[in-house]
Amino acid sequence: MRDKIQQIREKALAEIDKADGLEKLNDVRAAILGKKGELTAVLKGMKDVAPDERPKVGQWVNETREAVEKLLDEKVKKFEAEALKRKYEREKIDVTMPAKRSQKGNLHPVTQVKDQLSEIFTSMGFEVYEGTEIENDYYNFTALNTPKDHPARDMQDTFYLSPEFLLRTQTSAGQIHVMEAKKPPIKVVSPGKVFRSDDDATHSPMFTQMEGLVVDKGITLCDLKGMLDQLVKKMFGKNVTTRLRPSYFPFTEPSVEVDVSCFQCHGKGCSLCKGTGWIEVLGAGVVNKKVLEGCGIDTNEYSGFAFGIGLERIAMLKYGINNIKLLFESDLRVLDQIDDN
């Protein structure tokens, strides 16, 4: 029995000595000391050993176990130290080396325009309301004086999700939600994504609008003109002015297209304004009485104006971008040139 234990000991120590990694050491530990290991098998066979020999056999087994465990622990620590050293070598930082160049990011042009406009409007006392991109037909059309047979629906190629629900074609729907929930006076802008089936160099099926609404006593088109004058001066420069041209929108009456004097040539005529000295920037008008009455607002006491700004168009004009698709490609060569922050 002593010879057998000695053989197990010598075999184990030799295997440990030539082991080349932690995985091999674990194999040796299992083969010698595990539940089905050779040394464990000797202990299980103690019933076959003479009673007077059992203490000696137990002593030899314990001595062998201790020797094997001691060498195993030493080899494990050695391998762990070597692994840690290799890790330090891999992760070593030479502080004398030049730092890697970190490219600075900046906000997307449309986000910059949105933030600038939001700051301008909030400084005028406007609140910001962000509605949902999925609207029902009532809020997107009917409540804005666009019944089902109204020709104005043909102006907006709509993405319908069902007969009732659609991707909003304008953030004006948010104005209805606000007027239903709040009594005048109301001053609110509603920015967000809108969706129309339209695609060319200056239009996209998805784009960003900021609609504005003011409802109070005695509001007229003159108040709209005054507000727009302040807006364009803060957005494009103090010498920029506005002009109003008659137009049509079902939810305003009268309706106007708003032009600004060209901030590049200052009205002399250039490629940006196509030689006219003016640039179209947004649509607006006095809120149609039917829209106010549909929201429970007394039109004998209150009136209002509304306007809608396409943020991609403002970004293209302000930053000299000639194709709207450049705003959706995330091309750093384009984005790196635009940073007003």
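The model shown is predicted, which means the values in this text are computed figures rather than measured ones. (Residues numbered from 1 in each chain as written. Predicted model: local features only at pLDDT ≥ 70, side-chain atom pairs only at ≥ 80, totals over all residues. Heavy atoms only, no water.)

Turning our eyes to something else, we now look at the pairing of strand β6 (residues 242-249). Sheet topology note: the β6/strand β7 (residues 252-261) ladder contains 7 bridges and is antiparallel. Within β7, the residue paired with Thr242 across the bridge is Val260. Where β6 hands over to β7, the hairpin turn is made up of 2 residues, counted between the paired strands. (Pairing = 2+ DSSP bridges. Helix = DSSP H or I, 4+ residues; strand = E, 2+ residues; numbered from the N terminus.)

This paragraph deals with the nonpolar core. Ranked by size, the top nonpolar core spans 43 residues in total, and within it Leu117, Phe121, Phe307 and Ile309 carry the most contacts. The element that contributes the greatest number of residues to this core is helix α8 (residues 221-236), accounting for 7 residues. (Core = buried A, V, L, I, M, F, W, Y, C linked by side-chain atoms within 4.5 Å. Buried < 20%, exposed > 50% of the residue type's maximum accessible area, 1.4 Å probe, protein only.)

Next up on the list: the side chain of Thr208. Positionally, Thr208 belongs in strand β5 (residues 206-216). On the basis of relative accessibility, which here comes to 4%, the residue Thr208 falls in the buried class. Of note is the side chain of Thr208, whose polar atom sits 3.0 Å from the side chain of Lys193. The residues contacting Thr208, other than those within four sequence positions of it, are Val110, Gly192, Lys193, Ile309, Gly310, Leu311 and Glu312. (Polar contact = N/O pair within 3.5 Å; in protein donor to acceptor, adjacent residues only side chain to side chain. Contact = heavy atoms within 4.5 Å.)

Quick look at the packing of helix α2 (residues 22-33) against helix α4 (residues 54-91) now. Between α2 and α4, the least distance of the axes is 10 Å, while the angle of their chain directions is 165°. The angle between α2 and α4 places the two elements in the roughly antiparallel class. When you trace α2 past α4, the crossing you get is left-handed. In this structure, α2 contributes Leu22, Leu25, Arg29, Ile32 and Leu33 to the contact, and α4 contributes Arg65, Val68, Glu69, Leu72, Asp73, Lys75, Val76, Phe79 and Glu80. (Axes fitted to C-alpha atoms, helices over the stretch in contact; angles between N-to-C directions. Parallel < 35°, antiparallel > 145°, perpendicular 65-115°, else oblique. Left-handed = near helix turned anticlockwise from the far one by under 90°.)

Attention now goes to a nonpolar patch on the surface. On the surface, a cluster of nonpolar side chains totalling about 280 Å² of accessible area is made up of Ile134, Leu161 and Phe165. Its location among the elements puts Ile134 in strand β2 (residues 134-136). With a relative accessible area of 46%, Ile134 lands in the partly exposed category. (Patch = residues over 30% accessible without salt bridge, like charges linked within 9 Å, V, L, I, M, F, W, Y side chains within 5 Å. Areas by Shrake-Rupley, 256 points an atom, 1.4 Å probe, with all protein chains shown as cover. Salt bridge = Lys/Arg side-chain N within 4 Å of Asp/Glu carboxyl O.)

Moving on: unusual backbone geometry. A cis geometry characterises the amide bond from Pro184 onward to Pro185, with omega recorded as 5°. Along the chain, Pro185 falls in the loop between α7 (173-181) and β4 (186-195). In this chain, Glu253 is followed by Pro254 through a cis amide linkage whose omega measures 5°. In this fold, Pro254 is placed in strand β7. In the Ramachandran plot, Asn145 falls in the positive-phi region, its phi being about 65° despite a non-glycine side chain. Mapping Asn145 onto the fold places it in the loop between α6 (137-140) and β3 (165-167). Look at Lys274: it is not a glycine, yet its phi comes out positive at around 55°. With respect to the helices, strands and loops of the structure, Lys274 is situated in the loop between β7 and β8 (278-287).

On to the sheet that holds strand β1 (residues 127-128). One key point about sheets: their strands pair by backbone hydrogen bonds, in either a parallel or an antiparallel sense. Strand order across the open sheet formed by 7 strands is β1-β4-β5-β9-β8-β7-β6, with mixed pairing between neighbours. The outermost strands of the open sheet, each flanked by one partner alone, are β1 and β6. As judged from the 10 bridges shared by β4 and β5, these two strands associate in the antiparallel manner. Each bridged residue has a counterpart across the sheet, and for Val189 the counterpart in β5 is Gly212.

Everything listed here is a matter of geometry and, on its own, says nothing about what the molecule does.
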